[in-house]
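Listed below, chain by chain, are the residues.
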Amino acid sequence: MWPTRFESCRQVRAFPSYRGQRNFSGWYWAATSAELVGYESWVELSHLMRLDAEPEVVGVVSQPFRLSWRYGGGRRRIRHTPDYFVRRQDGRAVVLDVRPDELVEAEDAAKFAATAVACARVGWGFERVGVIGPVLAANLRWLSGYRHPRVRCEPVAECLRTVFAQPQGLLAGARTVGDPIAVLPVLFHLVWRRELVVDLASERLSAATVVRPAPAATGEVGSGAGTSTAAVAG
C-alpha cells in the first residue's frame, strides 16, 4: 500500500446519523484540495480549518483507512479508523486522531498507541490532538469564509502586500488601499493563505489587529493553538 496516495482516497466508512445524535457531522470544502472533507464534531471541524490554513498541507482526507488487530492472546479483535490522513508539501504524512483529553478512555488510549506504532512502521507521523483554543478556533472560522480562490483580486492583493510591508492595524491598512467593503475580503483571504500574518491565537480579529508581512518560512498554525498531542511517531 506504500505507493497509495491516501490523501486521494475515499473515506472507508460513512458517518452515522440518527435522532438525538449529540455530535454534529458534515462536510467541509477544503481550499487546499478543492474537495469535500468530512467531520464528525465541531472539534474535528476546527482542526480541518487549521489544517486547511497551513501552507505546508497539500492534502487531507477523513476516515482514511481501518486498522484491525487481535488483543488478549488473539481472542478479541480490535478495530480503529483514524480521523484524518494529512499529506505535507515535503511528502511527509501525518495521521491524526481528534479526541478531547477528557474523553480519552483507557481503551481509546490503547488504540491511539497501536495506531502510532503502525504509522511509525511505514514512516508516517501520528498525533492525537484535542480541543483548539477558543480564540484560534473563532479566528479560523471567520477567515475560512474567505478561503475560496474566487475572493482573491490580484491588483488589490498586490496593494495590500505593499501597504502591510510595514506592520500596522488591519482596518487602517485596508482603508489605505481602498473601500474596506471591497478590500477586506481580499485581506482576509491573504491572511488565510498566510501571505500576510496576524496573531490568530492570542486575540480575536479586530480593526486594531496588527497585520505583518509573511516571514520567509512560515510556521504551522497549530503553534500556540492550545491543542494537546498524546503521541507523535515518525
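Rules behind the numbers
- Residues numbered from 1 in each chain as written.
- Predicted model: local features only at pLDDT ≥ 70, side-chain atom pairs only at ≥ 80, totals over all residues.
- Heavy atoms only, no water.
- Phe/Tyr/Trp six-rings, centres within 6.5 Å; stacked < 30°, edge-to-face > 60°.
- Helix = DSSP H or I, 4+ residues; strand = E, 2+ residues; numbered from the N terminus.
- Pairing = 2+ DSSP bridges.
- Axes fitted to C-alpha atoms, helices over the stretch in contact; angles between N-to-C directions.
- Contact = heavy atoms within 4.5 Å.
- Salt bridge = Lys/Arg side-chain N within 4 Å of Asp/Glu carboxyl O.
- Buried < 20%, exposed > 50% of the residue type's maximum accessible area, 1.4 Å probe, protein only.

(A) Representation of the packing of aromatic side chains within the structure. For the structure on display, the rule yields seven aromatic pairs. The interplanar angle of 85° and the centroid separation of 5.8 Å between the aromatic rings of Trp-142 and Phe-188 together place this pair among those described as edge-to-face. Of this pair, Trp-142 sits in helix 3 (residues 134-144) while Phe-188 sits in helix 6 (residues 180-192), placing them 46 residues apart in sequence. Of the aromatic side chains, those joined through ring pairs into one cluster are Phe-24, Tyr-39 and Trp-42.

(B) Structural view of the sheet that holds strand 6 (residues 84-88). Reading across the sheet, the four strands line up as 3-6-7-8 and stay open at both edges, with mixed pairing between neighbours. This sheet does not close on itself; its edge strands, each paired only once, are strand 3 (57-62) and strand 8 (125-129). Averaged over neighbouring strand pairs, the angle between their axes works out to 20° when direction is ignored. In terms of strand pairing, strand 3 meets strand 6 through five bridges, oriented antiparallel. Of the residues in strand 6, the one forming a bridge with Gly-59 is Arg-87. Those strands touched by helix 1 (residues 42-53) are strand 3, strand 6, strand 7 (93-98) and strand 8, and its axis lies near 155° from that of strand 7. Strands in contact with helix 2 (residues 106-121) are strand 7 and strand 8; relative to strand 8, the strand with the most contacts, it is inclined by about 160°.

(C) Region of interest: the pattern of salt bridges. Under the counting rule described, the total for this entry stands at 14 salt bridges. Salt-bridge contacts for Glu-158 lead to Arg-161; the nearest nitrogen and oxygen are separated by 2.8 Å. Taken together, the residues span about one helical turn, with Glu-158 and Arg-161 both in helix 4 (residues 154-163) at a distance of three residues. Judged by its relative accessible area of 23%, Arg-161 is partly exposed. Glu-195 is paired through a salt bridge with Arg-193; the nearest N and O atoms lie 3.6 Å apart. Look at the salt bridges and you will find they share partners, linking Arg-152, Glu-154, Glu-158, Arg-161, Arg-193 and Glu-195 into a network.

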